[in-house]
Amino acid sequence: MEKEFKKLIEKIKSYDQGADFEEIKKAFLFASKVHQGQIRRSGEPVLRHLLSVVLVLADWKLDSTSIEAGLLHDSVEDGGVSPQLIEKEFGEEVGELVNGVTKIGELKLRGSEEEKFVENLRKMLVTMAHDLRVVLIKLADRYHNMQTLAFLPLEKQKRIAKETLGVYAPLAERLGIGEMAGKLEDLAFPYLYPEDFAWIKSFSAPFYHQTEEIIEEAKEEILEELKKEKTKGEVSGRAKHLYSLWQKLLRPEIEKDISKIYDLVALRILVSSVRDCYATLGVVHKIWKPVPFKGVSDFIAQPKPNGYRSIHTTVFGPRGKIIEVQIRTYQMHEEGENGIAAHWYYGYLKTAGVSDKRLEDGVFAPNEKLSWVRQLVLWQKEIVGSQEFLEALKFDALKHRIFVFSPKGDVFDLPAESTPIDFAYAIHSELGDKAMGAKVNGKMVSLDFRLKSGDMVEILTSEKKKGPSRDWLSFVVTRVAKKEILKHFRSSKEAGYKV
Ligand code: MN
């Protein structure tokens, strides 16, 4: 275990030489003592679990406080240590993080009744608002627990996998930690849908293999071309996660036809600046023609709601095979992989005195796109006054938001009083434009229905529908919905509507 600990220290040194290594060592020794002789069902010592968790935290480049809390996160629950002792030994901040992780651990998010679930989800978000690092520790903890889930009793496996797929994976996605979201989904997949998992795994293997070969060829071609243009870049292949492949295959337009999925393995090009991204797009289109009906998605100009930024283009690649190419800067890449953790890190660097120049443009996605996360971060910052005031503030802030689910289990936060139309526009403007009906928890409702937290919302669309109805303006509450609906009437001749 000493060896793993050394590895951890090396990793931390690579991004934060000023970390408090003494305190980290102290936390490690403390945890070794507390969990001495404790073996997990997987047969491995608890200490190894703790090290696995903090190695993930170090991947996210988290600070000493988070690392200490990561090492101590099971001390209260499984080690019988009092929270007071943790606070006395390691300070208030570490104490609060450990407390937060313990509290979230006590919440059963799935498998409980609906009402309880929503209440628990709220509690979790409140804890999260208090300090985002709590959730990052919890996600790393859940990630390792999922890797050893096979050793738990069957019933527990199902509950935990369900909770992972229903809450933690969407949460990771929402925080922009896409890579972790995909890993969590893939770990939960076989426990919840064993037959589909087995089927898709064996059925897709040759396709992955084939695509990988094409990507290898493409890689060489593009590198050569970039060299000619004197653009420096790194090129790699990215295989789609199995769960997300399965979800895509189930989409009606795909009809379970894997040949219609072009990003099975995508070609990823990392360059150093936004300018180089667009230059590289030009180079790509010079050697491979874009596929007309697929087009280019410019998530740099228009980031996804979780802040994801990249350019995607689908092209006729080597041997005429259709492939997806993703182009982004190194920084966007890190953000895409580590999401909020990356933001947190850059924020930290900034307070640590790293110049703005090094933090360059585009560290933070446009405000509006990250509103939910930003709000959490803001709350976190506001939490400095008296405890009572803080409690009120946090609950009040949540009171005005509701959390609803898509049929796939994605969580969306909306203002209170939101309607299915607000929900539809929050997902995609086209979904809003084509909406003609809605189901909430499986029952048909009117489009002006007021949603509640925990509702599962499904939007029914019609291809024939040309656009939104003007009277929707009388009941929608989100700015996005209003803007999109108005846009439609401005562009058509029916302008003149006053807001
Ligand atoms: Mn744990």
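Computed from a predicted model, the values in this text were never measured in an experiment.

Remarks on the confidence of the model for the protein chain
For the protein chain, the mean per-residue pLDDT works out to 81, and 78% of the residues sit at or above 70. Note on residues 346-398: pLDDT under 50 across the span, and 78 contacts to partners over four residues away in sequence or across chains. Predicted confidence for residues 494-499 stays below pLDDT 50, and this span has eight contacts to residues more than four positions away or in other chains.

Some points on the pattern of salt bridges
The full count for this structure, using the stated rule, is 22 salt bridges. The partner of Glu-23 in a salt bridge is Lys-26, and the shortest N-O contact between them spans 3.9 Å. Of this pair, Glu-23 and Lys-26 both sit in helix H2 (residues 21-34), separated by three residues, roughly a single helical turn. Taking the shortest distance from any N to any O, the salt bridge between Lys-434 and Glu-430 comes out at 3.8 Å. Of this pair, Lys-434 and Glu-430 both sit in helix H20 (residues 429-434), four residues apart, roughly one helical turn. Using a relative accessible area of 16% as the deciding quantity, one classes Lys-434 as buried. A single network of salt bridges, built from pairs that share partners, joins Glu-225, Lys-228, Glu-229 and Lys-286.

Looking at the sheet that holds strand E2 (residues 265-271)
Sheets are built from strands that pair by backbone hydrogen bonding, the pairs being arranged parallel or antiparallel. With respect to topology, five strands assemble into an open sheet ordered E1-E2-E5-E4-E3, the strand pairing being mixed. Of all the strands in the sheet, just strand E1 (233-239) and strand E3 (296-298) have a single pairing partner and so form its edges. The average angle at which neighbouring strand axes cross in this sheet is 20°, direction not considered. Bridge count between E2 and strand E5 (residues 322-329): five bridges; the pairing is parallel. Bridge assignment links Leu-270 to a residue of E5, and that residue is Arg-328. Together, E1, E2 and E5 form the strand contacts of helix H11 (residues 194-228), whose direction differs from that of E2 by roughly 25°. The strands that helix H14 (residues 330-338) touches are E1, E2 and E5; relative to E5, the one it contacts most, it runs at about 105°.

Remarks on the side chain of Glu-44
Here Glu-44 lies in the loop between H2 and helix H3 (46-59). One buried charge, Glu-44, has no salt-bridge partner; the nearest side chain with opposite charge is Arg-40, at 4.2 Å. There is a polar contact of 3.4 Å between the side chain of Glu-44 and the side chain of His-144. Aside from chain neighbours lying at most four places away, what touches Glu-44 is Ile-39, His-49, His-144 and Thr-148.

Criteria and cut-off values
Residues numbered from 1 in each chain as written. Predicted model: local features only at pLDDT ≥ 70, side-chain atom pairs only at ≥ 80, totals over all residues. Heavy atoms only, no water. pLDDT = per-residue confidence, 0-100. Contact = heavy atoms within 4.5 Å. Salt bridge = Lys/Arg side-chain N within 4 Å of Asp/Glu carboxyl O. Helix = DSSP H or I, 4+ residues; strand = E, 2+ residues; numbered from the N terminus. Buried < 20%, exposed > 50% of the residue type's maximum accessible area, 1.4 Å probe, protein only. Pairing = 2+ DSSP bridges. Axes fitted to C-alpha atoms, helices over the stretch in contact; angles between N-to-C directions. Lys, Arg positive; Asp, Glu negative; His and termini not counted. Polar contact = N/O pair within 3.5 Å; in protein donor to acceptor, adjacent residues only side chain to side chain.

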